Amino acid sequence: MNQANFDRERGVKLLATMERIRAFEENAVLAAERDKLVLGAIHPSFGQEAAAAGVLWPLRTDDYLISTHRGHGHTLAKGADPIAMMRELLGREGGCCGGKGGSMHIADFNVNMLGANGVVGANITIGAGAAHGVKLQGGDQVVIDIFGDGAANRGPFLEGLNWAVVFQLPILFVCEDNQYAATTKTTSVTGGDGPAARAASLGLPTQTLDGNDVEAIADAVTETITRIRNGGRPEFLHVITYRQKGHTSFDQAAYRPDGEADKQMADNDPIQRQKNVLAAVGVAADEMQAIHDAAQAEMAGALQTAADTPFPDEALAFTDVQDVGSPVVEAF
Amino acid sequence: MNQANFDRERGVKLLATMERIRAFEENAVLAAERDKLVLGAIHPSFGQEAAAAGVLWPLRTDDYLISTHRGHGHTLAKGADPIAMMRELLGREGGCCGGKGGSMHIADFNVNMLGANGVVGANITIGAGAAHGVKLQGGDQVVIDIFGDGAANRGPFLEGLNWAVVFQLPILFVCEDNQYAATTKTTSVTGGDGPAARAASLGLPTQTLDGNDVEAIADAVTETITRIRNGGRPEFLHVITYRQKGHTSFDQAAYRPDGEADKQMADNDPIQRQKNVLAAVGVAADEMQAIHDAAQAEMAGALQTAADTPFPDEALAFTDVQDVGSPVVEAF
Amino acid sequence: MAVTNYSDAAREAVREAMRADDAVWCIGEDLGRGGVFGQYRGLQDEFGPARIADAPISEAAIMGAAFGAAIVGTRPIVEMRFSDFALCAVDELVNQIAKARYMFGGQSRAPMVIRQPMGMWRSSAAQHSQSLESWYTHAPGLIVICPSTPQDNYSLLKAAIECDDPVVYFEHKNMWGLEGDVDTAEAAVIGEARTRTHGDDVTIVSWSQTANFAVEAAETLAGEGIGAQVVDLRSLWPWDKNAVLDSVNKTGRLIVAHESVAVGGFGAEVVAIVSEKVGAALQGRVRRLGAPRALIAYAPNLENKMRVTAEMIVDAARDLMQKSKTKG
Amino acid sequence: MAVTNYSDAAREAVREAMRADDAVWCIGEDLGRGGVFGQYRGLQDEFGPARIADAPISEAAIMGAAFGAAIVGTRPIVEMRFSDFALCAVDELVNQIAKARYMFGGQSRAPMVIRQPMGMWRSSAAQHSQSLESWYTHAPGLIVICPSTPQDNYSLLKAAIECDDPVVYFEHKNMWGLEGDVDTAEAAVIGEARTRTHGDDVTIVSWSQTANFAVEAAETLAGEGIGAQVVDLRSLWPWDKNAVLDSVNKTGRLIVAHESVAVGGFGAEVVAIVSEKVGAALQGRVRRLGAPRALIAYAPNLENKMRVTAEMIVDAARDLMQKSKTKG
Ligand SMILES: Cc1ncc(C[n+]2csc(CCOP(=O)(O)OP(=O)(O)O)c2C)c(N)n1
Ligand SMILES: Cc1ncc(C[n+]2csc(CCOP(=O)(O)OP(=O)(O)O)c2C)c(N)n1
Ligand SMILES: [Mg+2]
Ligand SMILES: [Mg+2]
């Protein structure tokens, strides 16, 4: 990194985003495991915060994001309100989805976050379609479509990427590769040279990045998004990171080789790495501590607020199904 | 081609297979268009006979074949009985599927032909599974799995090829590229460098062949099948040919550029090309004419026999659905 | 008021909707050449390749991408070619499209029409012939429409395109050439049945092509002095329970007839509702006609064994007439 | 005769079948680590990674490849993880597996079991909670099984693995830990219901977890002097019409209760058959209980609105008791 050109403000903001994501998820895990307030499964992204912070960095609010079951970080980085998100995880009134979706279906259309998804790979074609819609309407938004390494083995990977190439759509596909699909080491079930090779064969320009280097990701995505916005052609990013904890908050991840996670946490934690980078350019430890503390306080507060919020009105169970033939008006 | 090493017997047999395929389909089209005896759609493979004859050349009877809606040629080349096939096209007793399947579902398990398929791309995962079954049972058969260029845009292409690589299965995938998917020029809806590039990215060794050169195909497949049989690893063949007629026998194919088909028929007909090859190595015109005439006679006879065969017994409408809960014993 | 056929009536509906609203567009295989049945013929000339768009053979992407385009503001018409191929895109239709609005707490809509040509079409065999409309009635979030006449294919397709909910729209492949009067001023309300014939003796509930067989049957029955009231549901969700219940309350006899497999078919739903609501009055005078739980064969004589015909409806009505209306 | 849970009972059935027949193997995601619910725990140690095989996240290929392996002589057990994900493989299941034997004129069989963990499991939301068993009853070629007890999950899974037809096998996710006696000598016949309680006043037909709620309800009703006969269908295709009809002929009252959406659910089929066969005797004393046609929410209080409970069954029975058995 070139210290002279280093964008200190951006670096600090990227750290702050990562700290907020981590703090959000730490509190979400507490809510689930300690407080038993989150009743469904949550999929934390500990260790993957750089991908979220870096990839979302250059996006405008009206650009679109579509994400996965492991999407808290992306959603926060896109600008969603953590209180509404925490309420959603707790299934409360005022959750971003009114408590109807939960962690796996978080969406915030206010910031053009088009939703997490409970079906691996499904968001690939949907994202391509969002970009298709942008193009049909003559918009200049870009879509960022994030999915995991496991999703590269599903049919929608081929169909969605091909679609974007055929229709020349403004979308950046991001494979956030945390090396695991649930309990399975993804390389053990993935033929060939992996996601980027597949994308290239479908006609997309590809880049492979160190997914724990938030600066490098933000640099690359900034250029890439500009290119896509101006040229309207899809591209592909393979971001290699590591899932530090289990697949869900319940999962102890005992299936991993001994020491693998410890080593990653010690040497390759994206937050620590960014702190080292910032320290090297002279950002004071105090300033970084303050960022950390603020994030912790914000997210502990979000959890508290969410826990103090009532459950949704029961009548809402039957709204927003459909207008015509709605269960509110039709008995069965 | 090396005239000294030329395998005359093979060359003549390949010609004969192509002549039989063409004659079969000419008669099938007559049955459909002139005689109105074929009531469903048929998808002839005029111009693609080299792919069928060449690709199936080195297969043993106990090797497996799985094919598509455009599968008459493959099925004949695998050794199926044309009378049973023609009966099937006419929906008659004694058809290979007892008249229940028709052209799009021809199967002949006697020669390990596992079926044509009415769903584009579906046979890719099924073929991979057949190879999986062979491996699980310790067999030494190879599976040949043929599909079209259009099928390379469906999810099963990725999922099925990846499967074969991950489980290291004895299968040869063959993309028989006739340049069209129904009325659509396939390249117009296909991103990147096409089927072989996609297959390579998934970890398969690939070859691209002139699909109208039956000798070259037979050579390549012979080596490839030996490699697969010994090594148990999947490979991929992209065979580029041309669909001389419409998508179905009804289709006039008026959407093609003027002259495109005429030029292909004049310069690049696989049967004529093989005749030229054989003539160059001294096979007499008379011998080739006799092959042609025999094929014509055989298939006209098959049509006649089929037309003289009764429809299936109506009771068969309800057999072979399932054993438990069969409609024969269960009213609804 | 002009005579046109089932296919052209639908095309007219699409054309008018596309003229009226730039957000409407069509996506599917071979659409630029008119689509596999010619339902889109000529539309690309008028609207260009972006709005009458040719898709790769990627049903999952056609469905999924159209959905993505819908949630950002367009109104796609998705062409599935044969309803059987929609089975390649069920996750997209049932897990995504049908659920998104609800899961996201009302933040998004998917105003889409998914056209699924259905049904038996001579010798198309088991993968090109089936009728699965009942499946989608069981999938909350979806509307299900099955028009039986050119008029309804015009009016209901227009209503479907204008609707903000996702609509699964089943056209019967065997009716493309069916001619009839079409009044373009006639609007349809999704969920309203059409009473095709009036009669006091027996209610015949049906939809799609079988509704036309029911009308034929009613004509035959009329010749025998039996008054059959044919209620063509036209849409299966929502469906016009009142029209059915009113008719059954009058006739005291119910036949439900559909082409799809009887077991688990929507006919069971109709019978169940009627049994629950007017069971006592019905006294068991109820018959379902649907396909046996078998597959559809290629050979024409075997295929015919799967058909529900006008004759079968007539026989069922005669049979029910044996059971007097007053004692059970 | 030992006490074991629903999950372990199934694992035992798989283990025994794999010991008895080398052709049996299992394929699905994460199976090597026991599967997502631990149903396969330990099996890879005994049978190795070829027979307890880890799949990529490729539901279409899992289903399609297992089918390919079935038609060449193996007997795959396919694990779909959540029944919702099976929607990524409907073409493979319904267009290929269910139809192949028929389309190919009986040349091939697909002896497969497709395990689809179903149902609501606290706060799993709309994409991980649904129950679509009725769909597969409407797809000829398939068998549909929904066990409700450890014993049945043992006996029926064994029967399913031994069956030469493709079986869609629904285990309810909320019952994995449910304990009960399992007698490994007890064989099940697919298509035979189990009468869980005997009674003369009302017939309650159910399956899967809801059958256990029906038994609870019967206990409550017994305390009030109402005799409820709970008929646990166990398999929906084929299903035990005789057990239901015999019971209804005795009780004259019918409740069908299931977790899945009522509209288009299999309860409609049961009611329809009963109406057709014993309609007059039933006199309208029939009730269906199923979920509203809405989606399943994440928030627990909203999710609960979709549930069919023992209390609801009790209420329905009390209600039907108001309608005398002799006059309609
Ligand atoms: C189609 C489908 N199959 C299986 C699952 C179950 N599942 C949820 S997450 C997951 C692993 C996904 O791996 P990856 O795509 O790498 O994302 P990650 O969880 O690592 O973020 C699986 C198998 C699912 N949700 N959808
Ligand atoms: C999943 C699916 N989508 C669409 C179709 C309709 N269809 C039948 S053949 C065909 C074209 C297939 O093209 P290709 O794979 O190149 O094979 P070809 O017909 O050229 O032999 C199409 C679109 C189908 N049968 N299945
Ligand atoms: Mg991963
Ligand atoms: Mg082609």
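Reading the values: the criteria
Residues numbered from 1 in each chain as written. Chains lettered and ligands numbered in written order. Predicted model: local features only at pLDDT ≥ 70, side-chain atom pairs only at ≥ 80, totals over all residues. Heavy atoms only, no water. Near = heavy atom within 4 Å. Polar contact = N/O pair within 3.5 Å; in protein donor to acceptor, adjacent residues only side chain to side chain. Nonpolar A, V, L, I, M, F, W, Y, C, P; charged D, E, K, R; others polar. Least-squares fit on C-alpha atoms with pLDDT ≥ 70 in both. Contact = heavy atoms within 4.5 Å. Axes fitted to C-alpha atoms, helices over the stretch in contact; angles between N-to-C directions. Helix = DSSP H or I, 4+ residues; strand = E, 2+ residues; numbered from the N terminus. Parallel < 35°, antiparallel > 145°, perpendicular 65-115°, else oblique. Left-handed = near helix turned anticlockwise from the far one by under 90°. Buried area = accessible area lost by both parts, 1.4 Å probe. Salt bridge = Lys/Arg side-chain N within 4 Å of Asp/Glu carboxyl O.

*Asks:* Would you take a moment to explain the site of ligand 2 for this structure?
*Replies:* Looking at ligand 2, there are 21 residues lining it, with His69(B), Arg70(B), Asp149(B), Asn178(B) and Glu59(C) nearest. Ligand 2 sits at a junction of chains, with neighbouring residues supplied by chains B and C. Gly150(B) places a polar main-chain atom, nitrogen or oxygen, 2.8 Å from an oxygen atom of ligand 2. Separating an oxygen atom of ligand 2 from a backbone N or O atom of Ala151(B) is a distance of 3.2 Å. Residues belonging to the shell around ligand 2 are distributed by class as follows: nine nonpolar, six polar and six charged.

*Asks:* I tried to follow the relation of the copies chain C and chain D on my own but got confused; where do I start?
*Replies:* Mapping between the two copies of the chain is achieved by a rotation about an axis and a shift along the axis. When chain C is fitted onto chain D, the two copies agree to an RMSD of 0.0 Å after a turn of 180 degrees and an axial shift of 0.0 Å. Here the copies are linked by what is in effect a two-fold axis. Comparing contact sets, 100% of the residues at the interface of chain C also lie at the interface in chain D, consistent with an isologous, same-surface contact.

*Asks:* Explanation requested: the packing of helix H6 (residues 155-166) of chain A against helix H6 (residues 155-166) of chain B in the structure shown.
*Replies:* Two packed helices can be described by the angle between their axes and the distance between those axes. Their axes nearest at 6 Å, the elements H6(A) and H6(B) cross at an angle of 135 degrees. Relative to H6(B), the element H6(A) lies oblique. Note that H6(A) runs across H6(B); the crossing there is right-handed. Along its contact with H6(A), which presents Gly155(A), Phe157(A), Leu158(A) and Glu159(A), the element H6(B) presents Gly155(B), Phe157(B), Leu158(B) and Glu159(B). Taken together, the residues of the contact of H6(A) with H6(B) sort by class into four nonpolar, two polar and two charged.

*Asks:* What exactly am I supposed to notice about the interface of chain A and chain C here?
*Replies:* Put simply, an interface is often sized by how much accessible area is lost when its parts join up. Contacts between the two partners involve 42 residues from chain A, matched on the other side by 49 residues from chain C. Carbon and sulfur atoms make up 61% of the surface buried where chain A meets chain C, a total of about 3600 Å² over both sides. Remark: the boundary between chain A and chain C carries three salt bridges. For the salt bridge of Arg101(C) with Asp323(A), the shortest nitrogen-to-oxygen distance reads 3.1 Å. Viewed at the interface, chain C and chain A are joined by 19 residue pairs in polar contact (both at pLDDT 80 or more). Elements that contribute at least two residues to the side of chain A that touches chain C include exactly helix H5 (122-136) and H6 of chain A. The greatest single-element share of the side of chain A that touches chain C, amounting to nine residues, is contributed by H5(A). Here the residues of the side of chain A that touches chain C sort into 22 nonpolar, 14 polar and six charged.

*Asks:* Looking at this structure, how should I read the site of ligand 1?
*Replies:* Close to ligand 1 lie 21 residues, the nearest being His69(A), Arg70(A), Asp149(A), Asn178(A) and Glu59(D). The environment around ligand 1 is built from residues contributed by chains A and D. Within the backbone of Ala151(A), a nitrogen or oxygen atom sits 3.2 Å from an oxygen atom of ligand 1. Interatomic distance of 2.7 Å between a side-chain N/O atom of Asn178(A) and an oxygen atom of ligand 1.

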